[in-house]
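So you can see what is in the structure, the chains are spelled out below.
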Amino acid sequence: MQPLSPQPPLPAPSHAALEHSRAVKELIKAEIAGAGGWISFEHYMRLASYAPGMGYYSGGAAKFGQEGDFVTAPEISSLYGRAVARQAAQVLGNEDKGDILEFGAGTGKLALDLLLELEKLGCLPRHYFILEVSAELQQRQQVLLERRAPHLAARVIWLTQLPEQFNGLILANEVLDAMPVHLVRWRGFQLLERGVETDADEFKWSDRPLIQGELFQAASILRPLADLEMGGVGPHRGSDRGGDYVSEISLAARHFMLSLSGMLKQGAILLIDYGFGHNEYYHPQRHRGTLMCHYRHYAHDDPFYLPGLQDITSHVDFSAIAEVAHKTGLDLLGYTSQAHFLINCGITELLAQIPAENARDYLPLANQVQKLLSPAEMGELFKVIAFGKNVSTPLTGFASGDKSRML
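Residues numbered from 1 in each chain as written. Predicted model: local features only at pLDDT ≥ 70, side-chain atom pairs only at ≥ 80, totals over all residues. Heavy atoms only, no water.

As a further point, take the packing of helix 7 (residues 214–222) against helix 8 (residues 251–263). Running from amino to carboxyl end, helix 7 crosses helix 8 at an angle of 100°, the nearest separation of the two axes being 11 Å. In this view, helix 7 runs roughly perpendicular relative to helix 8, as classed from their interaxial angle. Here Glu214, Leu215 and Ala218 of helix 7 come into contact with helix 8, specifically with Leu251, Arg254 and His255. Among the residues making up the contact of helix 7 with helix 8, the classes are represented as three nonpolar, one polar and two charged. (Axes fitted to C-alpha atoms, helices over the stretch in contact; angles between N-to-C directions. Helix = DSSP H or I, 4+ residues; strand = E, 2+ residues; numbered from the N terminus. Parallel < 35°, antiparallel > 145°, perpendicular 65-115°, else oblique. Contact = heavy atoms within 4.5 Å. Nonpolar A, V, L, I, M, F, W, Y, C, P; charged D, E, K, R; others polar.)

The structure is reproduced here in structure tokens:
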């Protein structure tokens, strides 16, 4: 996978930002030297994204909104959070008003909209827990909630680690895509792990044989699906690249699901992210994988560009998530597109509460809903999947548009 070199008009960083990125780069170079000259891409991504006080998510740079690098659904419209609140209310109602735990709450906008809508619905959680790795984002979340919903702020508790037990709703919006991933290369019948070396002052790709361990086991499961002599039905199927295929495997996302399953005693896990089921994820046309970087609202595929200043992500393999969930005793409660989920949760009814003749208020909201629902925007690429324990009532958000056959 050869990254595309960033081309103008990528904005130039400020002097302070550039110095920060250089410091992150030196940190990674030291890690590579200390490891004997090579680290896995997963290690590189973890440092660039989460190195304490320096990584993209643990540093202080703006990430969300127009002055950041990308815009998430809660930032686009409050109707998003209000619709998700309808699903949350059903889960909390089933659990006698349990708790909510949100991972990576960003600016706090989703938490704010959820709490305000749940208050209207008479279904506030006992506590709204947030597990946030960024001290800067935690502060932003606190300020937003105290300013916009001071009467509800006392319900919000920030955590530094997972609780041992949990009842209620676990929510992760665009969390899985930012977890560090391993890059694996299937070259004919050989398995390689793609890693990072230094060349003079720059980073470069370097592949090493993958012969054992958890990653080897995960990658080997795909190999029988890629039997070139039999035509194959996996990553190499129909490939015109001689059986040369690179893609991601997220062990971190699998471990995350193991942790959630062990913690959840009663309730639901709601995961919202962009990605595919197994067959779509490892489609022949994706022979370069799904790795993508975001910097100042520009998307490109060079993870070595300005480490610490850009968001590095990959699409989510929802089939792998579902397999881990099943093995740990979680029930699949639903899998559908974001568009179907939001419509099932009543987002169009919420929009209809604003008279269409009130163009000043209605048109901006209608445009926001269009972005959330349109197949050309977020409606189809983003998926919603739910798992649960001891949940007997079908979830509202999955009443139509079932895509579980794609897992």
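Applying the stated criterion to the full structure yields 18 salt bridges. For Arg86, the salt bridge is made with Glu117, and the minimal N-O distance between the two is 3.2 Å. Taken together, the positions of Arg86 in helix 4 (residues 78–94) and Glu117 in helix 5 (residues 109–120) put the pair 31 residues apart, joining distant regions of the chain. The exposure class assigned to Arg86 is partly exposed, which follows from its relative accessible area of 28%. Taking relative accessible area as the criterion, Glu117 reaches 3% and is therefore assigned buried. Across the pair Lys403 and Glu380 runs a salt bridge, and its minimum N-O distance is 3.8 Å. Linking Lys403 in the segment after strand 16 (382–389) with Glu380 in the loop between helix 13 (359–373) and strand 16, this pair joins segments that are 23 residues apart in sequence. (Salt bridge = Lys/Arg side-chain N within 4 Å of Asp/Glu carboxyl O. Buried < 20%, exposed > 50% of the residue type's maximum accessible area, 1.4 Å probe, protein only.)

This part is about helix 5. With 12 residues, helix 5 ought to run about 16 Å at 1.5 Å a step, and its terminal C-alpha atoms sit 17 Å apart, in line with that. Here helix 5 has its buried residues at Lys109, Leu110, Ala111, Leu112, Asp113, Leu114, Leu115, Glu117 and Leu118. Backbone geometry just downstream of helix 5 places Gly122 in the positive-phi region, at approximately 65°. (Expected span 1.5 Å × (residues − 1).)

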